[in-house]
Amino acid sequence: MKFRTIFVLLSVIFTAHLSAGISKPYTAYSEENGYTTIGFVDLDAPYDKAREMLLNYAGYENWLLDGLTRDDPEAKKLLVTLNRLEYDRTNNSITVYFSFNILFMKNKEYSLPFMFKNMDDGSGITLTADPNHWSSKFISRLVYTICLQQMPAGLVLNYSGDCKLKGFAERCFNLRLYKKNIEWYIYKFASNFVNRLSV
């Protein structure tokens, strides 16, 4: 609750002083909580239109990975490249298929399902990685919260993500490497959302 309050206050301050655009994601690390990433996007769009797009999970396949796959020159420089998405309406989940840019792992594809949950007030969503998936060997917790807020200066999309690694993954990643990979993808996701919303 304390973190959420601070995050909302920061969003209000930044929104009041910046023109419409996408903030650079910010990630902090602590041994207790792992990696926490926050950021916001100023939206030049009606609330209902942005909300409809955010909650249209089946439509994510059509825009979320634009320019983010292995064919993208920038993505090739990252540790992980995303290949495709599949939405499962029955379980209300979306599975991300990805590959590692490591010589002996390049030809193998991995998957990670995320469960969707709408916020009670309908303003946003929570995505939680399936705790029973194979990735639980490396990830203790992976949760992203995305919500819309109507501020005095306009509509804002706030997001926050918590990722707690363990085992081999915890030893391989550090803050610099995590920021290089995850912040790049988050910024691109936000850009794709804005671009799709303007269509």
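Residues numbered from 1 in each chain as written. Predicted model: local features only at pLDDT ≥ 70, side-chain atom pairs only at ≥ 80, totals over all residues. Heavy atoms only, no water.

> Residues and numbers for unusual backbone geometry, please.
In this model, Asn92 sits at a positive phi of 50 degrees, which is unusual for a non-glycine residue. You can see Asn92 is positioned in the loop between strand E3 (80-88) and strand E4 (93-100). By relative accessible area, Asn92 is classed as partly exposed at 25%. (Helix = DSSP H or I, 4+ residues; strand = E, 2+ residues; numbered from the N terminus. Buried < 20%, exposed > 50% of the residue type's maximum accessible area, 1.4 Å probe, protein only.)

> Explain the sheet that holds strand E6 (residues 124-129) residue by residue, including any values.
With respect to topology, 8 strands assemble into an open sheet ordered E1-E2-E8-E7-E6-E5-E4-E3, the strand pairing being antiparallel. In this open sheet, the two edge strands, each paired with only one partner strand, are strand E1 (26-30) and E3. Strand-to-strand twist across the sheet, computed as the mean angle between neighbouring axes with direction ignored, equals 20 degrees. Along the sheet, helix H2 (residues 47-55) makes contact with strand E2 (34-43), strand E5 (110-118), E6, strand E7 (139-151) and strand E8 (154-165), crossing E7 at roughly 160 degrees. (Pairing = 2+ DSSP bridges. Axes fitted to C-alpha atoms, helices over the stretch in contact; angles between N-to-C directions. Contact = heavy atoms within 4.5 Å.)

> Residues and numbers for the pattern of salt bridges, please.
All chains considered together, the criterion is met by 4 salt bridges. When the shortest N-O distance is used, the salt bridge between Glu74 and Lys188 registers 3.6 Å. With Glu74 in the loop between H2 and E3 and Lys188 in helix H4 (residues 175-197), the pair connects residues that are 114 residues apart, well separated along the chain. Note on Glu74: relative accessible area 39%, which makes it partly exposed. Measuring nitrogen to oxygen at the nearest pair gives 2.8 Å for the salt bridge that ties Glu86 to Arg84. The exposure class of Glu86 is partly exposed, given its relative accessible area of 37%. On the basis of relative accessibility, which here comes to 34%, the residue Arg84 falls in the partly exposed class. (Salt bridge = Lys/Arg side-chain N within 4 Å of Asp/Glu carboxyl O.)

> Tell me about the layout of surface pockets, and please be specific about residues and values.
Each pocket or cavity is described by its volume, and for the largest pocket that value is around 1300 Å³. Every residue lining the largest pocket is counted, 44 residues in all, and those nearest its centre are Leu82, Leu112, Phe114, Leu142 and Ile182. With 8 residues, H4 is the largest single contributor of residues to the lining of the largest pocket. Its residues placed into classes, the lining of the largest pocket shows 42 nonpolar, 2 polar and no charged. (1 Å grid on protein atoms, 1.4 Å probe; cavity = no way out; pocket = protein on both sides within 12 Å on 5 of 7 lines; lining within 4 Å. Points joined across faces, edges and corners; volume = space filled by probe spheres on them. Nonpolar A, V, L, I, M, F, W, Y, C, P; charged D, E, K, R; others polar.)

Shape descriptors only; they carry no functional weight alone.
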